[in-house]
Amino acid sequence: KEAKITGVQTWAQWKKIDVLAEITLENGEKHLLAIEDKTFSEVHNRRGKDETQLAYYNRCLNEKLKNLKIPEANCHKVFYKTDSVSEEEEKEVRQAQWGQKDLKDIIALFGQLAKDYAKSISNAILDSYLQRLKTLDHQTYDLPENTASWGKVGWRNYLTETLVPLFTP
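Residues numbered from 1 in each chain as written. Predicted model: local features only at pLDDT ≥ 70, side-chain atom pairs only at ≥ 80, totals over all residues. Heavy atoms only, no water.

Caption draft 1: Structural view of the environment of phenylalanine 110. Along the chain, phenylalanine 110 falls in helix 3 (residues 103–116). Phenylalanine 110 sits in the buried class, given a relative accessible area of 17%. C-alpha separation for the pair phenylalanine 110 and leucine 126, spaced 16 residues apart in sequence, amounts to 9.2 Å. Excluding residues within four positions of it along the chain, phenylalanine 110 makes contact with Tyr80, Leu126, Tyr129, Leu130 and Leu133. (Helix = DSSP H or I, 4+ residues; strand = E, 2+ residues; numbered from the N terminus. Buried < 20%, exposed > 50% of the residue type's maximum accessible area, 1.4 Å probe, protein only. Contact = heavy atoms within 4.5 Å.)

Here it is as structure tokens:
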């Protein structure tokens, strides 16, 4: 729903969650946004613990919600990965009740933002990020015949998307 945002407080690496934001709306309603940003790594178990990273974050977020007096329904959790997401990882994210955005989703989102606001936003950081997304898209989904230019992302994608399915019964 559309609402005017009147305040945002952010924390970086709060309890190892990459980005946490408390968002206050014009009507006084508060929301909590948690973003776990992944590039080439995956969801993992906590060192020495029998608990996944996202399950631990859920426990921490529940504490934060209570402290800030924010209803659980106003907690938004996003697993944001500038890469493809494996089936196993997707299952873990869904099980932990986090939303998921992978490289294709992110490219679509920022591509639309770039179109909608091309003339009104002039920002070197955003421009650099958009260029990085284009490069990742090319390396992941539009691989050239010259394999020397593929890089880590291209090779991993080729192995997981093309070769592994050929040998899986």
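Caption draft 2: Quick peek at the sheet that holds strand 3 (residues 30–38). Ordered by their spatial adjacency, five strands build an open sheet running 1-2-3-4-5, and the pairing between neighbours is mixed. A strand with exactly one partner marks an edge of an open sheet, and here the two such strands are strand 1 (5–14) and strand 5 (99–101). Each neighbouring strand pair of the sheet contributes to a mean axis angle of 20°, computed without reference to strand direction. One ladder, built from three bridges, connects strand 4 (residues 75–81) with strand 5; its direction is parallel. For phenylalanine 79, the partnering residue across the bridge sits in strand 5 and is glutamine 100. (Pairing = 2+ DSSP bridges. Axes fitted to C-alpha atoms, helices over the stretch in contact; angles between N-to-C directions.)

Caption draft 3: A look at the pairing of strand 2 (residues 17–25). Of all the nine residues making up strand 2, eight are buried; the element is thus mostly covered by neighbouring parts of the structure. Bridge count between strand 2 and strand 3: six bridges; the pairing is antiparallel. Looking at strand 3, one finds that glutamate 22 is bridged to leucine 32.

Caption draft 4: Representation of unusual backbone geometry within the structure. Backbone geometry places glutamine 13, a non-glycine residue, at a positive phi of 60°. Unlike most non-glycine residues, lysine 15 shows phi in positive territory, near 55°. Inspection of the secondary structure puts lysine 15 in the loop between strand 1 and strand 2.

Caption draft 5: Representation of helix 4 (residues 124–141) within the structure. Helix length check: helix 4 (18 residues) gives 25 Å between terminal C-alpha atoms against 26 Å at 1.5 Å per residue, within 8%. Structurally, helix 4 contributes buried residues whose contacts are with helix 3 and helix 5 (151–167). (Expected span 1.5 Å × (residues − 1).)

Caption draft 6: Structural detail: helix 1 (residues 53–68). The terminal C-alpha atoms of helix 1, which comprises 16 residues, lie 22 Å apart, in line with the 22 Å expected from a rise of 1.5 Å per residue. Burial in helix 1 covers these residues: Gln53, Leu54, Tyr56, Tyr57, Asn58, Cys60, Leu61, Lys64 and Leu65.

Caption draft 7: Molecular detail of the packing of helix 4 against helix 5. The geometry of helix 4 relative to helix 5 is characterised by a closest axis approach of 7 Å and an angle of 35° between their N-to-C directions. Every pair of crossing elements has a handedness; the one defined by helix 4 and helix 5 is right-handed. Facing Leu136, Gln139 and Thr140 of helix 4, the residues of helix 5 in contact are Val153, Gly154 and Asn157. Residues of the contact of helix 4 with helix 5, tallied by class, amount to two nonpolar, four polar and no charged. (Left-handed = near helix turned anticlockwise from the far one by under 90°. Nonpolar A, V, L, I, M, F, W, Y, C, P; charged D, E, K, R; others polar.)

Caption draft 8: Inspection of the pairing of strand 4 at higher detail. Most of strand 4 sits out of view: five of its seven residues are buried. Of the strand pairs in this sheet, strand 3 and strand 4 are connected by seven bridges, and their pairing is parallel. The residue bridging leucine 32 from the neighbouring strand is cysteine 75, located in strand 4. With helix 2 (residues 87–95) bridging strand 4 and the parallel strand 5, this β-α-β connection has right-handed handedness. (Right-handed = clockwise from strand over helix to strand, strands pointing away.)

Caption draft 9: Just the nonpolar core, in detail. Counting 19 residues, the largest nonpolar core has Trp14, Leu20, Leu54, Leu61 and Trp98 as the members making the most contacts within it. Elements with a contribution of two residues or more to this core: strand 1, strand 2, strand 3, helix 1 and strand 4. With six residues, helix 1 is the largest single contributor of residues to this core. Counting residues in each nonpolar core, the second largest holds eight residues, with Tyr80, Ile106, Phe110 and Val153 among its members. (Core = buried A, V, L, I, M, F, W, Y, C linked by side-chain atoms within 4.5 Å.)

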